[in-house]
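A structural walkthrough
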Amino acid sequence: MLSGKNILLGITGGIAAYKTANLVRLIKKSGANVQVIMTPDAKEFVTPLTLSTLSENPVHSAFSDEDTGEWTNHVELGLWADIFIIAPATANTIGKMANGLCDNLLMATYLSAKCPVFVAPAMDLDMYKHETTAENLKKLIINGNRVIDAQVGQLASGLVGKGRMEEPEEIVMYINNYLKEGLVLQGKRVLITAGPTYEQIDPVRFIGNNSSGKMGYELAEKAMKLGASVTLVSGPTHLNADKTINRISVRSAQEMYTEVLENYKESDIIIMAAAVADYTPAQVESDKIKKSDDHLEIRLTSTKDILRHIGGVKSDNQLLIGFALETTNELENAKGKLKRKNLDMIVLNSLNDQGAGFGHDTNQISIIDKSNKIEKYELKSKSEVATDIFNKIISLLNS
Ligand code: CTP
């Protein structure tokens, strides 16, 4: 996939910089052209001569050549690149990228680049864990960069933990996979809700539901592979999300509402696949409820309908997609929700269809769009269903 592509590699000042010699060699071997930009500190860890020899191109580092005074055109470098990889990315560079600072050639090129940017962080474990680093990485993802998560292992400090740069072979494979999928949603931001919500009754009990979150996670993965930058607001599940997905974990309907509200404005496509509780205990007991009478009554109040709220406030250029899980009068109920909640389309799954709905790896859906056009699909894996849903979304985007 990399053959013939122009790859710009930004190297910053961390010990993992020594691995970039191999990274350049691997990229070259896959038939791509490579140019390297180093920050001044990166040169302490690997020599420009090594990288220029391996890349068969001069290495860029300063805004101008010391001897000739010739300017290094960062705009041109940014436009030349089909893919921009920043590896290793130190905490310092990640902070600069997140905040638009521009005190070296690498940062100027990053701000000028129009291509997909991949960032492979490397730092000591406590720096990686620090809230500021986490916030900065989140900003990078929201801004459309792809973060190739650091790995757990022995670090330069002698400590063992998360912070090792991903291995060059893995970085190349990651980019290859990314290119394979086709990037029709490049530049789009997708917000997805997934999983159940848990409504606390007392410190040890909650009201939940059977949603596994699988459908929402498959949708998030698909959107990511299509090139979108994805935020996944997830209720409690055991599922793992891809490293490049900005997952926000929530528990209750109220928390999910708050996070969706926080994130929907920047989203082009909003998909609400979560099984949100419609009711929550009116009051959370601070102590465990003791067994006393034969009956226990818990008063419930309704939660906010997140989908309906967003339907009321979204702008015309945002696509809003809801889900409906029905047991009776499926099509009529789903059409009602589509209209009531001001959706662009609704995905209906009926619990009457075998293999569809909660907990299964398969699903059988119908999609109803705004013009009330109904499309019924076969029983398929949830991953294939995610593809069908995105094919429909893409056709709506293009219509
Ligand atoms: N939904 C939501 N917030 C809620 C309840 C539901 O965002 N508080 C969203 C779900 O994520 C789903 C859609 O609304 O996309 C449909 O949910 P569903 O529970 O089937 O619909 P309701 O409107 O709650 O109707 P009912 O329970 O009466 O079927």
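Here goes a summary of the coordinates provided.

How each quantity is defined
Residues numbered from 1 in each chain as written. Predicted model: local features only at pLDDT ≥ 70, side-chain atom pairs only at ≥ 80, totals over all residues. Heavy atoms only, no water. Near = heavy atom within 4 Å. Polar contact = N/O pair within 3.5 Å; in protein donor to acceptor, adjacent residues only side chain to side chain. Areas by Shrake-Rupley, 256 points an atom, 1.4 Å probe, with all protein chains shown as cover. Helix = DSSP H or I, 4+ residues; strand = E, 2+ residues; numbered from the N terminus. Nonpolar A, V, L, I, M, F, W, Y, C, P; charged D, E, K, R; others polar. Phe/Tyr/Trp six-rings, centres within 6.5 Å; stacked < 30°, edge-to-face > 60°. Buried < 20%, exposed > 50% of the residue type's maximum accessible area, 1.4 Å probe, protein only. Lys NZ or Arg CZ within 6 Å of the ring centre and 35° of its normal.

Here's the deal with the site of the ligand
If you check the shell around the ligand, you find 15 residues, and the closest are Met272, Ala274, Phe323, Lys337 and Lys341. In the model, an oxygen atom of the ligand is placed 2.9 Å from a nitrogen or oxygen of the Leu307 main chain. Within the backbone of Phe323, a nitrogen or oxygen atom sits 2.9 Å from an oxygen atom of the ligand. Across the complex, the protein chains shield 77% of the 570 Å² of accessible surface that the ligand would expose by itself. Considering each element in turn, the shell around the ligand owes the most residues, three residues, to strand 17 (residues 319–326). Class assignment of the residues belonging to the shell around the ligand gives a composition of eight nonpolar, two polar and five charged.

Some details on the packing of aromatic side chains
Within this structure, the stated rule accounts for two aromatic pairs. For the pair Phe118 and Tyr174, a centre-to-centre distance of 6.1 Å together with 85° between the ring planes defines the contact as edge-to-face. Of this pair, Phe118 sits in strand 5 (residues 117–121) while Tyr174 sits in helix 8 (residues 168–180), placing them 56 residues apart in sequence. Looking at Phe118, the relative accessible area reads 0%, which means it is buried. On the numbers, 3.8 Å between centres and 10° between planes, the contact of Tyr198 with Phe206 is stacked. The class of Phe206 is partly exposed, set by a relative accessible area of 36%. Here the basic side chain of Arg251 rests over the ring of Phe206, its NZ or CZ set 5.3 Å away from the ring centre.

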